[in-house]
Amino acid sequence: ASMTSEGLKMKDIILVHLYMKSMKDFNVINSVYVAEFDLCPPARVCVETLLPDGVLFCIDCLAHSHDIATDDVLSDEKLVMHVQSISHWAPASIGPYSQSIKVGDILYCAGQIGLVPCTMQLVSGGIWSEAMVALSHVEKVLHAMSQKTTLHHVIRASCYVTDSKHIPVAHSIWQKKLRECEKVDDPEMYNDVATEFGKLAVVVVSHLPRDAAIEWHVIAVVDDPLQRKHFTKRMLSEGFQIDCESVESSSASCASISVRLSLISPPASQLDLDGPLHDLVSMFRQAVEKLSEDCNASPLSFRAFFRKDVFDVGILQSGLQENLEKCVGKKTPALILVPVVDLPGKEIICATCWLS
């Protein structure tokens, strides 16, 4: 009904996030889900997390209209990779989703876990092995969609883990793989790989498909990563620290913004979030305003991962929504709240926004 009201069809959906109360419902939800899509379903991320009481699952979608013509030429051709057969190079999809969908120069990839392609069973060896195998699957999907695409072309990376102890492992492996894919012909250009690439959001959830320990999800852009525009800022707000990072593709077709709220000193009493939430959204607005004049990307989804043990979801939702509408106005993105088990360090909110 929401899609129809926007003049869109189900086939226009290119990326789905499915958050479940219990992974035990995976097969039932899939049996209904699969009936709504044809042979080229959207890419998908699926995890179990701490949804509010009474909420069995939550789904959000990113859609792209293919009926917009520019100079009598249809813009942004859509290419789909939907492999269900057993192979030696990457895992078949274990649900009704495509491994990747490319629209224009943007690649929207499905979440990847550490399955051995030829057996479709989780690799043995623990978190390190799973993380390496799953991330190598991401690399292979990117390469299959666009031959010269590597992890350096990722403009947004998310990582779901099932244990707080896995957070540093995820960061370590992400940086390791980025260093490995440095360009051989001119490695000097990639010396600052740790600072210029690989902005990564890691969150802890309660469960992943197939009892995996880690799942990677990326969006990449076929552009020149070294020509991207970056914005970073940090500020203190009433016992909190707010960090903002944004990156705009060199083609100016899209951008990604992340804003993190960390508690730097224990509160004397109950948390007063009015000021910090206002400052968080104000910093987000500054990042939007820093986009180049060439960039026509609009904020589409403001995905706020938050520690459930810290926040009342109703208060957080109303606070963020009110500040977004006040600060961003007509460009207010869709607000998606995702309660999680834990976040890195002293973070209590990690919000990511996709702009295209």
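Read on for a plain summary of the structure. The written sequence of each chain sets the order in which its residues are numbered from 1. Local features are withheld for residues below a pLDDT of 70 in this predicted model, meaning they are given only at 70 or higher, and side-chain atom pairs are given and counted only at 80 or more; totals for whole chains, interfaces and linings count all residues. Only hydrogens and water are set aside when side-chain values are computed; all heavy atoms of the structure are taken into account.

Our focus in this paragraph is the overall build of the chain. Secondary structure assignment for the chain yields seven helices and 19 strands. Residue exposure (1.4 Å probe, protein chains only): buried if accessible area is under 20% of the type maximum, exposed if over 50%, otherwise partly exposed. In the chain, which comprises 356 residues, the share counted as buried stands at 54%. The contact definition used throughout considers only heavy atoms, calling two residues in contact when any of these lie within 4.5 Å. For the chain, the share of sequence-separated contacts (at least 6 apart) that also reach a separation of at least 24 residues comes to 75%. Residue exposure ignores everything except the shown protein chains as possible cover, and the areas themselves are Shrake-Rupley values with a 1.4 Å probe. Accessible area for the chain stands at about 16300 Å²; split by element, carbon and sulfur atoms hold 52% of it. Helix and strand assignments follow DSSP, with helices taken as H or I runs no shorter than four residues and strands as E runs no shorter than two, numbered in order from the N terminus.

Our next topic: helix α7 (residues 313-328). End to end, α7 covers 22 Å across 16 residues, agreeing with the expected 22 Å (1.5 Å per residue, within 8%). Of all the positions in α7, only L316, G319, L320, N323, L324, C327 and V328 are classed as buried. Down the axis of α7, the buried set is contained in an arc of 125 degrees. They therefore lie on one face. For α7, the exposed residues set more than 90 degrees away from the buried face come down to I315 and K326. Those residues of α7 that are buried lie in contact with α6 (274-289), β17 (299-307), β18 (334-340) and β19 (347-355). Here α7 starts with a cap whose side-chain oxygen sits 3.1 Å from the backbone nitrogen of G314, and that cap is D312. Of the residues trailing α7, G329 is marked for its positive phi of about 65 degrees. One less than the residue count of a helix, multiplied by 1.5 Å, gives the span that helix is expected to have. Taking the helix axis as origin, the arc is that swept by the directions to the C-beta atoms. Any N or O atom pair separated by 3.5 Å or less is treated as a polar contact, with the protein-specific requirement of one donor-capable and one acceptor-capable atom, and with residues adjacent in sequence counted only for side-chain atom pairs.

Right, let's get into the layout of surface pockets. Summary: where empty space remains is shown by rolling a probe the size of a single water molecule over the atoms. A 1.4 Å probe that fits into a set of points on a 1 Å grid over the protein atoms alone but cannot get out defines a cavity; an open set with protein on both sides within 12 Å along at least five of seven lines defines a pocket, and lining residues are those with an atom within 4 Å of a point. Grid points are joined across faces, edges and corners, and a volume is the space filled by probe spheres set on the points. As a volume, the largest pocket reaches approximately 740 Å³. What lines the largest pocket is a set of 32 residues, among which M3, D60, C61, L62 and A63 lie closest to the centre. Among the elements of the structure, α1 (2-5), β1 (13-20), α2 (26-33), β3 (57-63), β13 (214-221), β17 and β18 are those that each provide at least two residues to the lining of the largest pocket. Ranked by the residues each element gives to the lining of the largest pocket, the list is headed by β3, at five residues. Residue polarity follows a fixed list, in which Ala, Val, Leu, Ile, Met, Phe, Trp, Tyr, Cys and Pro are nonpolar, Asp, Glu, Lys and Arg are charged, and the others, Gly among them, are polar. Here the lining of the largest pocket is built from residues that sort into 21 nonpolar, six polar and five charged.

Let us now look at the sheet that holds strand β8 (residues 106-109). At least two DSSP bridges between two strands are required for those strands to pair. Spatial strand order, β6-β7-β8-β13-β11-β12: six strands in an open sheet with mixed pairing. Sheet topology places β6 (78-81) and β12 (200-204) at the edges, where each strand pairs with a single neighbour. Across the sheet, the axes of successive neighbouring strands diverge by a mean angle of 15 degrees, strand direction being ignored. As judged from the seven bridges shared by strand β11 (residues 154-161) and β13, these two strands associate in the antiparallel manner. Across the sheet, A157 pairs through a bridge with V218, a residue of β13. Axis angles are defined between N-to-C directions and span 0 to 180 degrees, where every axis is a line fitted to C-alpha atoms and, for a helix, only to the segment in contact. The strands that helix α3 (residues 127-145) touches are β6, β7 (100-103), β8, β11 and β13; relative to β13, the one it contacts most, it runs at about 25 degrees. The strands that helix α4 (residues 167-180) touches are β11, β12 and β13; relative to β12, the one it contacts most, it runs at about 155 degrees.

What follows concerns the packing of α3 against α4. It is at 10 Å that the axes of α3 and α4 come closest, and there the two elements cross at 45 degrees. Of the possible angle classes, the one that applies to α3 and α4 is oblique. Where α3 crosses over α4, the two elements pack in a sense that is right-handed. Every residue of α4 that contacts α3 at I127, W128, A131, M132, L135, S136 and E139 is listed here: V169, S172, I173, W174, K176 and K177. For the contact of α3 with α4, the per-class residue count stands at eight nonpolar, two polar and three charged. Oblique is the label for any angle not under 35 degrees, not over 145, and not in the 65 to 115 range, which are roughly parallel, roughly antiparallel and roughly perpendicular in turn. Here a crossing is called left-handed whenever its near helix is offset anticlockwise from the far helix by less than a right angle, and right-handed whenever the offset is clockwise.

In this section: empty space enclosed by the protein. Under the criterion given, the structure shown has four cavities of 30 Å³ or more. In this model, the second largest cavity occupies a volume close to 120 Å³. Taken together, 15 residues form the lining of the second largest cavity, with R156, K199, S256, S258 and T352 sitting closest to its centre. For the lining of the second largest cavity, the secondary-structure elements that each account for two or more residues are β11, β12, β15 (240-248) and β16 (255-263). The residue makeup of the lining of the second largest cavity, split by class, is six nonpolar, five polar and four charged.

Turning our eyes to something else, we now look at the packing of aromatic side chains. For Phe, Tyr and Trp, rings pair up if their centres lie within 6.5 Å, where Trp contributes its six-membered ring, and each pair is then called stacked (planes under 30 degrees apart), edge-to-face (over 60) or tilted (otherwise). Taken as a whole, this structure holds six aromatic pairs when the rule is applied. Taking the centre distance of 4.9 Å and the plane angle of 40 degrees together, the rings of Y33 and F37 count as tilted. Judged by its relative accessible area of 7%, Y33 is buried. A ring pair is formed by F284 and F302, whose centres lie 5.1 Å apart and whose planes are at 80 degrees; its orientation type is edge-to-face. Placement of the pair is F284 in helix α6 and F302 in strand β17, with a sequence separation of 18 residues. F302 shares its class with F284; the two are buried. A ring is considered to have a charge above it if a Lys NZ or an Arg CZ atom is located within 6 Å of its centre and within 35 degrees of its normal. Sitting above the plane of the Y33 ring, R44 keeps its charged end 4.7 Å from the centroid.

Right, let's get into unusual backbone geometry. Not every positive phi belongs to a glycine, and R210 is a case in point at roughly 60 degrees. Looking at R210, the relative accessible area reads 42%, which means it is partly exposed. Phi angles above zero are rare outside glycine, and E238 is one such case at about 50 degrees. By secondary structure assignment, the location of E238 is in the loop between β14 (229-237) and β15.

Remember, this is a structural readout, not a statement about activity or role.
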